[in-house]
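For reference, the chains in residue letters:
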Amino acid sequence: MKINDATLLALLPELGVEHEASVSLAEMTSLGIGGVTDLFLIRRDASIPELIRQLDLRAIRHRFLGGGSNLLVADGELPFVVLQLAKPEPDVVIEGNVATIAAAADLGRTVTFCAKQGLGGMEGLIGVPGTVGGALRMNAGAYGIQIGSYVREVRLYRAATRSIETLRDAQISFEYRHTSFEPDDMMLTVKLELPPKPYDEILKGIRICNEKRRSSQPLGQKSAGCIFKNPPGGSAGRMIDELGLKGLSVGDARVSDRHANFFVNAGHASAADMLSLIADVRERVRAAYGVTLENEVVVWSA
Ligand SMILES: Cc1cc2nc3c(=O)[nH]c(=O)nc-3n(C[C@H](O)[C@H](O)[C@H](O)COP(=O)(O)OP(=O)(O)OC[C@H]3O[C@@H](n4cnc5c(N)ncnc54)[C@H](O)[C@@H]3O)c2cc1C
């Protein structure tokens, strides 16, 4: 979507928003798939209610982009613009055992920064790419931990009230790869309460998790991590593997040979290739196990 509205474009500098025309989402997502649209980089989060009001006035649809590591984006000219938060400096502030973190902060760097301050708990998240905001939205987790367990409060733009609010942990539910935030809420900052631990101990945990990831995931290839959520009590990857589907391809979209729940873009896969592979694998699992796998990857359709 190309924004040519001169009145809107003239308003952006005073809102602390930068406009970048025709960005390629294929270049901004870890899967390397996606079409083109305009991007609004938000440097002053207090302006978000006004920015969204201006977009709504003009019926311009928008989506929030974090680090792009859990997204499958449609090809071609996209019918929405993308909003992304700029990373402030500093992006993490520690007081006692509470870290206040900007949503745009890189999750991995945040884990290591907190570790150096003697705050642990997030070791399992070390290899999860993307931002802290994306991790909150998805309730990212690995190796028995999930980010939601450490949330004390979240400051966010709430679509329901069109204003910036702060929610306490008791007002938010974090479940397996699911949160109670509304789809149009935008996370801005989070306070995490983290268990104090000696740095050496945290580092040991980080190294163990890194090693587990390296030995089981196709890390050098373009992917969005796990395509499907695990069904209750089961493992999507194990079911796909048992059906002998590793290596199954549609165009350049391919079930990883290394981890059956990772689908990789082995060259120039289109969104249609990847969606068709996802539908095929879902149907084969349904036919064999009677289980309908739910997407973990977030699909931005045209
Ligand atoms: C190699 C690899 C390994 C992975 N391993 C894991 C793993 O072990 N565990 C796991 O949970 N995930 C894993 N993932 C998936 C992914 O990294 C996580 O889901 C991550 O938390 C997504 O963050 P992001 O910033 O990249 O979000 P994006 O991909 O940019 O966005 C994902 C969703 O979050 C929304 N969003 C992003 N930022 C905000 C915000 N500030 N406010 C509101 N909504 C927002 C987007 O609109 C979208 O709906 C992996 C991915 C890859 C590529």
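These remarks concern the structure in this document. (Residues numbered from 1 in each chain as written. Predicted model: local features only at pLDDT ≥ 70, side-chain atom pairs only at ≥ 80, totals over all residues. Heavy atoms only, no water.)

1. Some details on the pattern of salt bridges
And step 1. One pass over the structure, following the stated rule, counts 20 salt bridges.
And step 2. In this structure, glutamate 211 and arginine 214 form a salt bridge, with 3.4 Å as the shortest nitrogen-oxygen distance. Remark: arginine 214 and glutamate 211 occur in helix H5 (residues 199-216); sequence separation between them is three residues, near one turn of the helix.
And step 3. Under the relative-accessibility criterion, glutamate 211 is labelled partly exposed at 42%.
And step 4. With a shortest N-O distance of 3.2 Å, lysine 229 and glutamate 294 are connected by a salt bridge. Of this pair, lysine 229 sits in the loop between strand E15 (222-226) and helix H6 (236-242) while glutamate 294 is found in the loop between helix H7 (271-289) and strand E19 (298-300), placing the two residues 65 residues apart along the sequence.
And step 5. Lysine 229 gets classed as buried once you look at its relative accessible area, which sits at 12%.
And step 6. Residues participating in the shared-partner salt-bridge network are Lys87, Glu89 and Asp91. (Salt bridge = Lys/Arg side-chain N within 4 Å of Asp/Glu carboxyl O. Helix = DSSP H or I, 4+ residues; strand = E, 2+ residues; numbered from the N terminus. Buried < 20%, exposed > 50% of the residue type's maximum accessible area, 1.4 Å probe, protein only.)

2. A few points about the packing of aromatic side chains
And step 1. Per the counting criterion, the structure on display carries three aromatic pairs.
And step 2. Judged by centre distance (6.0 Å) and plane angle (75°), the ring pair of phenylalanine 174 and phenylalanine 181 falls under edge-to-face.
And step 3. A residue is classified by how much of its surface remains accessible, and phenylalanine 174, at 16% relative accessible area, is buried.
And step 4. Phenylalanine 181 gets classed as buried once you look at its relative accessible area, which sits at 7%.
And step 5. Between arginine 63 and the ring centre of phenylalanine 80, over which it is positioned, the NZ or CZ distance is 4.4 Å. (Phe/Tyr/Trp six-rings, centres within 6.5 Å; stacked < 30°, edge-to-face > 60°. Lys NZ or Arg CZ within 6 Å of the ring centre and 35° of its normal.)

3. Some points on helix H2 (residues 48-57)
And step 1. Along H2, the residues classified as buried are Ile48, Pro49, Leu51, Ile52, Gln54 and Leu55.
And step 2. Alanine 59 sits one or two positions beyond H2 and adopts a positive phi of about 55°.

4. Quick word on the layout of surface pockets
And step 1. Volume-wise, the second largest pocket comes out at about 150 Å³.
And step 2. In terms of lining, the second largest pocket is formed by 13 residues, of which the most central are Ile42, Arg43, Asp45, Ala86 and Pro88. (1 Å grid on protein atoms, 1.4 Å probe; cavity = no way out; pocket = protein on both sides within 12 Å on 5 of 7 lines; lining within 4 Å. Points joined across faces, edges and corners; volume = space filled by probe spheres on them.)

5. Examining the packing of helix H3 (residues 107-116) against H5
And step 1. Where H3 meets H5, the closest approach of the two axes is 9 Å, and the angle between their N-to-C directions is 155°. Here H5 runs roughly antiparallel to H3, going by the angle between their axes. In this structure, H3 uses Val111, Ala115 and Lys116 to contact H5, whose residues at the interface are Tyr199, Ile202 and Ile206.
And step 2. Grouping the amino acids of the contact of H3 with H5 by side-chain chemistry returns five nonpolar, no polar and one charged. (Axes fitted to C-alpha atoms, helices over the stretch in contact; angles between N-to-C directions. Parallel < 35°, antiparallel > 145°, perpendicular 65-115°, else oblique. Contact = heavy atoms within 4.5 Å. Nonpolar A, V, L, I, M, F, W, Y, C, P; charged D, E, K, R; others polar.)

6. Here's the deal with the side chain of asparagine 261
And step 1. In this structure, asparagine 261 sits in the loop between strand E17 (253-255) and strand E18 (262-265).
And step 2. With residues near it in sequence (within four places) discarded, asparagine 261 still touches Gly225, Cys226, Ile227, Phe228, Asn230, Ala236, Gly237 and Ile240.

7. Quick word on the site of the ligand
And step 1. Around the ligand, a shell composed of 34 residues is seen, among which Phe64, Gly67, Ser69, Thr131 and Gly141 lie nearest.
And step 2. The separation between an oxygen atom of the ligand and a polar main-chain atom of glycine 68 is 2.8 Å.
And step 3. Here a nitrogen atom of the ligand sits 2.7 Å away from a polar atom, N or O, in the main chain of glycine 141.
And step 4. Elements with a contribution of two residues or more to the shell around the ligand: strand E3 (62-65), helix H4 (132-138), strand E8 (141-142), strand E14 (186-193), E15 and E19.
And step 5. Per element, the largest residue contribution to the shell around the ligand is five residues, and it comes from H4.
And step 6. Of the residues assigned to the shell around the ligand, the class counts are 16 nonpolar, 14 polar and four charged. (Near = heavy atom within 4 Å. Polar contact = N/O pair within 3.5 Å; in protein donor to acceptor, adjacent residues only side chain to side chain.)

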